[in-house]
Amino acid sequence: MSDTINHQRRRFFGLAAVTLAAAQFGAAAIANAQSSMMKASTTKAHTSFPALKQVKAGVLDIGYAEDGPADGPVVLLVHGWPYDIYSFVDVAPILAAAGYRVIMPYLRGYCTTRFLSEKTPRNGQQSALAADMIALMDALGIEKAIVAGFDWGARTVNIMAALWPERCTAMVSVSGYLIGSQMANAKPLTPAAELSWWYQFYFATERGRLGYAANTREFAKLIWHSASPTWAFDDTTFERSAAAFDNPDHVAITIHNYRWRLGLAEGEAQFDAYESLLAQAPSIAIPTITLEGDANGAPHPDPAVYAKKFTGKYAHRTITGGIGHNLPQEAPEAFAQAVLDVVRL
C-alpha cells in the first residue's frame, strides 16, 4: 500500500483491519491487515472508560480501568509520565473488540492509586513500578498477559519481560529498550543529549521539586507539547489526564524517580537484587514489537541501538504522520495493531 495513503482511506482500512481481526481472532488475516494500520489514524472518538475499579495489590490500592470480555486473553497497558490511562482510551476498544481483556492501571502516584500505609516510602525507582504490575496481576488472578507501554510504561514492561518472562506472553514497547541503571546514568552524555534531559536536572534541585509541585499542570502541558510537537491536543483532552496528577503522592513519586536515576536518592533494599540484574542490561527473549513515532520530541534511543537486546521473535515499526511521544493516544490503531500482531510473529 502506498505511503501516501490519505486520511479517509487510512480510516477505512484501519477499521476494516480491526473488524477482520475481531472476526478471525488469531488468524493470519490479522497480519495481512498490518500495512493499513502502520500510520496514524483520525478515528479517535472515545472520551471515557467504564467506571474505575480498585484492587489491593502489594503496597498499593490500585485504580484501573478494564474493557473487553472477562475470560479473554489479557493485555496490560501501562502509561508514562506525565500522562495517564487516557493514552489508551482509543486503543482499548479495538483490543476489546478483538476479544482481549484489557487492563489499564494507574501507576503509583496517579489518580486513585494509593499507598496502603503512610509509612511506605514514596519510591519511584524502576523495579518498584514493575513489581507493582506483577502484584496487580497476582491480585487479579492473571497468570500471563501481553504487556505494552510507552515512556515509564515501556520501561516497566521491559523490566517485567526481563525479570518475569514467564508472566509475559509478548510485549509492545514504544521507544524500544529502556532498562537503565544508576551506573549507566552516571556517564555524561553529549551536551545536546544532556540538554534534552533538562527536567531531570531541574528535578534534582529543591527548586525543581517546589516548582513541579506549584506548577504541575503547566509543567505537564509543556512536556506534552515538546514531546509531541505536532500533536494538536485540546484543553479538554489535557485536563482529562491532568486530573490524575492531583494524587497526593504524584510529586514525590516523580521527583524520586528522576533523582534515583542519577543516584541522588536511595532506593529500597528489597529491590536491590532486581536492580543488580537490570544493571547488566539483560536481553529480552519474549516476542516483541517496538514502535517509534517519526516526530518524537522526547529523548529516545535509535532503534538500531537496541535491536540486538531482543533475542526472541522481534520486529520494529516506525509510525509516520507526525507521531510524537504519546504514541498510543496519537496513533491508537497502529499501537493496537502491534498488540494484535505481536503474538503472531
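Criteria and cut-off values
Residues numbered from 1 in each chain as written. Predicted model: local features only at pLDDT ≥ 70, side-chain atom pairs only at ≥ 80, totals over all residues. Heavy atoms only, no water. Phe/Tyr/Trp six-rings, centres within 6.5 Å; stacked < 30°, edge-to-face > 60°. Helix = DSSP H or I, 4+ residues; strand = E, 2+ residues; numbered from the N terminus. Buried < 20%, exposed > 50% of the residue type's maximum accessible area, 1.4 Å probe, protein only. Axes fitted to C-alpha atoms, helices over the stretch in contact; angles between N-to-C directions. Parallel < 35°, antiparallel > 145°, perpendicular 65-115°, else oblique. Contact = heavy atoms within 4.5 Å. Nonpolar A, V, L, I, M, F, W, Y, C, P; charged D, E, K, R; others polar. Pairing = 2+ DSSP bridges. Right-handed = clockwise from strand over helix to strand, strands pointing away. Salt bridge = Lys/Arg side-chain N within 4 Å of Asp/Glu carboxyl O. Arc of directions from axis to C-beta.

S.K.: Mind laying out the packing of aromatic side chains, listing which residues take part and the relevant values?
M.R.: Scanning the entire structure with this criterion turns up 34 aromatic pairs. Residues Tyr110 and Phe245 carry aromatic rings whose centres are separated by 6.1 Å and whose planes lie at 75° to one another, so their mutual orientation is edge-to-face. With Tyr110 in the loop between strand 4 (101-105) and strand 5 (114-115) and Phe245 in the loop between helix 11 (235-242) and helix 12 (250-261), this pair connects stretches of sequence that are 135 residues apart. A relative accessible area of 1% means that Tyr110 is categorised as buried. An aromatic cluster is built from Trp81, Trp152, Trp197, Trp198, Tyr199, Tyr202, Phe203, Tyr212, Phe219 and Tyr258, whose rings are joined through pairwise contacts.

S.K.: Run through the packing of helix 4 (residues 126-139) against helix 5 (residues 152-163), naming residues and quoting values.
M.R.: Relative orientation of the contacting elements helix 4 and helix 5 amounts to 70°, with a least axis distance of 9 Å. The angle between the axes of helix 4 and helix 5 places the two elements in the roughly perpendicular class. In contact with Gln126, Ser127, Leu129, Ala130, Met133, Ile134 and Met137 of helix 4, helix 5 contributes Trp152, Arg155, Thr156, Ile159 and Met160. Class assignment for the residues of the contact of helix 4 with helix 5 results in eight nonpolar, three polar and one charged.

S.K.: Go over the pairing of strand 4, please, and point to the residues and values.
M.R.: Where burial is concerned, most of strand 4 is hidden: five out of the five residues are buried. Burial along strand 4 is two-sided: the face carrying Arg101, Ile103 and Pro105 and the face carrying Val102 and Met104 are both buried. Two elements, strand 2 (residues 60-67) and strand 4, share four bridges in a ladder whose sense is antiparallel. For Tyr64, the partnering residue across the bridge sits in strand 4 and is Pro105. By the bridge criterion, three bridges tie strand 3 (residues 74-78) to strand 4 in an arrangement that is parallel. Along strand 4, the bridge assignment pairs Val74 with Arg101. Taken together, strand 3, helix 3 (residues 91-97) and strand 4 constitute a β-α-β crossover, and its handedness is right-handed.

S.K.: Can you explain the environment of Asp341? Please cite residues and give values.
M.R.: With respect to the secondary-structure elements, Asp341 resides in helix 16 (residues 332-342). Classification of Asp341 as buried rests on a relative accessible area of 4%.

S.K.: Can you explain the pattern of salt bridges? Please cite residues and give values.
M.R.: Any two side chains of opposite charge can pair, on the condition that their charged atoms come close. A complete count under the given rule lists eleven salt bridges for this structure. What emerges from the salt-bridge pattern is a single network uniting Lys53, Glu66 and Arg101.

S.K.: Residue-level account of helix 9 (residues 206-214), with values.
M.R.: Restricting attention to buried positions, one finds in helix 9 the residues Gly208, Gly211 and Tyr212. What you see down the axis of helix 9 is that its buried residues fit within an arc of 95°, all on one side. Packing partners of the buried residues in helix 9 comprise helix 8 (198-203), helix 10 (216-227) and helix 12.

S.K.: Break down unusual backbone geometry for me, citing the residues and quoting the values.
M.R.: A cis amide bond links Trp81 to the next residue, Pro82, at an omega of -10°. With respect to the secondary-structure elements, Pro82 resides in the loop between strand 3 and helix 3. With a phi close to 55°, Asp151 is a non-glycine residue in the positive phi region. Residue position: Asp151 is located in the loop between strand 6 (145-149) and helix 5.

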